[in-house]
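Structural description and commentary
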Amino acid sequence: MNILLWHVHGSWTTAFVQGPHRYLVPVLPGRGPDGRGRARTFSWPGSVTEITPERLRDAPVDLVVLQRPHEARLAERWLGGRRPGREVPAVYLEHNAPDGDVPRTRHPCAGRDDLTLVHVTHFNRLFWDNGAVPATVIEHGIVDPGHLYTGELARAALVVNEPVRRGRYTGTDLLPALSEAAPLDVFGMGTEGLADQLGLPAGRCRAQELPQAGLHQAMARRRLYLHPVRWTSLGLSLLEAMHLGMPVVALATTEAVEAVPAGAGVLSTRPEVLARAAHVYLHDPAAAAEDGARARRVALDRYGLKRFLDDWERLMEEVTR
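Below is a summary of the structure that appears in this document. (Residues numbered from 1 in each chain as written. Predicted model: local features only at pLDDT ≥ 70, side-chain atom pairs only at ≥ 80, totals over all residues. Heavy atoms only, no water.)

**Things to note about the packing of aromatic side chains**
- As enumerated under the stated definition, the model contains 9 aromatic pairs in all.
- Both rings, one in Phe16 and one in Tyr23, keep their centres 5.6 Å apart while their planes meet at 65°; by these two values the pair is edge-to-face.
- Summarising the aromatic geometry, the rings of Phe16 and Trp312 are spaced 5.2 Å apart at their centres and angled 75° between planes, so their arrangement reads as edge-to-face. Of the two residues, Phe16 sits in helix H1 (residues 10–16) while Trp312 sits in helix H13 (residues 305–320), which places them 296 residues apart along the sequence.
- A residue is classified by how much of its surface remains accessible, and Trp312, at 1% relative accessible area, is buried.
- Members of the aromatic cluster, each reached through a chain of ring pairs, are Trp12, Phe16, Tyr23, Phe308 and Trp312. (Phe/Tyr/Trp six-rings, centres within 6.5 Å; stacked < 30°, edge-to-face > 60°. Helix = DSSP H or I, 4+ residues; strand = E, 2+ residues; numbered from the N terminus. Buried < 20%, exposed > 50% of the residue type's maximum accessible area, 1.4 Å probe, protein only.)

Dropping the structure here:
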């Protein structure tokens with residue numbers, strides 16, 4: 001099939017485009033949010049084709065994957081009047097947990113009956129008000145980076161974008177106390193100057209942005225993965241850490257309670273429990289490696305790429321039938 005989707009979420013799209021189709025990704029001058037084109041920092045196959053709005057007008061499109069509310073109008077205009085859900089089959093992929101008047105947050109697609117709403121976690125489907133729109137869940141899939149874990153550095157790895165701006169959402173306010181239990185290496189966009197912002201010595205909180213390939217290698221050298229996020233869908237970096245063979249120390253919030261079972265790490269709503277767990281892993285490399293190996297087995301089984309692509313194939317066959 002020819003599938004139209006915007007480059008919105010690089011990590012998720014990296015898994016999705018491993019399927020057997022041709023993926024049309026809009027590109028605009030300047031490569032802004034509505035026309036980023038192919039990823040620059042992720043490895044995408046040749047089946048991902050950049051396409052301009054002018055070429056889309058007459059292009060054969062079998063399915064539109066919408067990911068943001070305004071994309072339906074954008075697609076209709078760029079497809080020469082073909083409406084997603086009417087003249088062209090469509091699904092709406094919701095990456096995020098609801099925000100605002102939770103749990104009464106009504107989804108933008110709640111009033112539609114011409115497409116399928118796809119959530120990436122069961123928590124999200126539960127907490128969004130989906131109205132009457134057909135809603136389903138296709139859990140994340142990960143391109144396996146391999147069992148790279150060494151844990152040679154007695155530090156905790158975190159991956160988060162813009163931790164200062166996002167603040168309590170990402171648990172940034174919890175980092176000073178957690179850094180007393182384990183020195184932190186924070187990876188992600190907008191992390192520059194994080195230690196100064198938190199009033200921490202540079203050695204207790206280091207921050208840097210790395211491309212995906214380098215990120216996995218860097219994460220795997222740290223003793224544990226820390227996930228102090230209060231409110232998120234389900235960070236793909238957490239699932240990547242599990243694939244790498246890292247033990248996870250995480251707040252027991254949103255979908256994390258489903259993703260990280262007993263024996264793969266420690267979950268709690270009490271930050272002091274997370275601090276103790278990080279301290280234990282830091283000083284017991286064998287226990288960290290053992291729990292990390294279990295985390296990898298769990299992740300491969302539940303969040304493996306084949307299961308993810310098979311789930312999408314079944315849904316796409318259904319909506320394009």
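Moving on from the coordinates now.
**What to know about the pairing of strand S8 (residues 153–159)**
- As paired strands, S8 and strand S11 (residues 222–227) are joined by 3 bridges and run parallel to one another. Counted as the bridge partner of Ala157 is Tyr225 from S11. (Pairing = 2+ DSSP bridges.)

**Considering the side chain of His216**
- Here His216 lies in helix H8 (residues 212–221).
- Residue class for His216 comes out buried when judged on its relative accessible area of 10%.
- Those residues within four positions of His216 in sequence are excluded, and the remaining contacts are Pro145, Leu148, Glu240 and Leu244. (Contact = heavy atoms within 4.5 Å.)

**Let's talk about helix H9 (residues 236–244)**
- Counting buried residues along H9, 9 of its 9 residues qualify, which places the element largely inside the surrounding structure.
- Of all the residues in H9, the buried ones are Leu236, Ser237, Leu238, Leu239, Glu240, Ala241, Met242, His243 and Leu244.
- Following H9 by one or two positions, Gly245 has its phi on the positive side, about 95°.

**Some details on the pattern of salt bridges**
- One pass over the structure, following the stated rule, counts 25 salt bridges.
- Note that Asp101 is salt-bridged to Arg104, the shortest N-O span being 3.2 Å.
- For Arg104, a relative accessible area of 59% gives the class exposed.
- Connected through salt bridges with shared partners, the residues Arg86, Arg112, Asp113 and Asp114 form a single ionic network. (Salt bridge = Lys/Arg side-chain N within 4 Å of Asp/Glu carboxyl O.)

**Notes on the packing of H8 against H9**
- As a packed pair, H8 and H9 sit with axes 10 Å apart at the nearest point and diverge in direction by 60°. With respect to their mutual orientation, H8 and H9 come out oblique. In terms of crossing hand, the pair formed by H8 and H9 is right-handed. Contacts between H8 and H9 pair Gln212, His216, Met219 and Ala220 from the former with Ser237, Glu240, Ala241 and Leu244 from the latter.
- The residue makeup of the contact of H8 with H9, split by class, is 4 nonpolar, 3 polar and 1 charged. (Axes fitted to C-alpha atoms, helices over the stretch in contact; angles between N-to-C directions. Parallel < 35°, antiparallel > 145°, perpendicular 65-115°, else oblique. Left-handed = near helix turned anticlockwise from the far one by under 90°. Nonpolar A, V, L, I, M, F, W, Y, C, P; charged D, E, K, R; others polar.)

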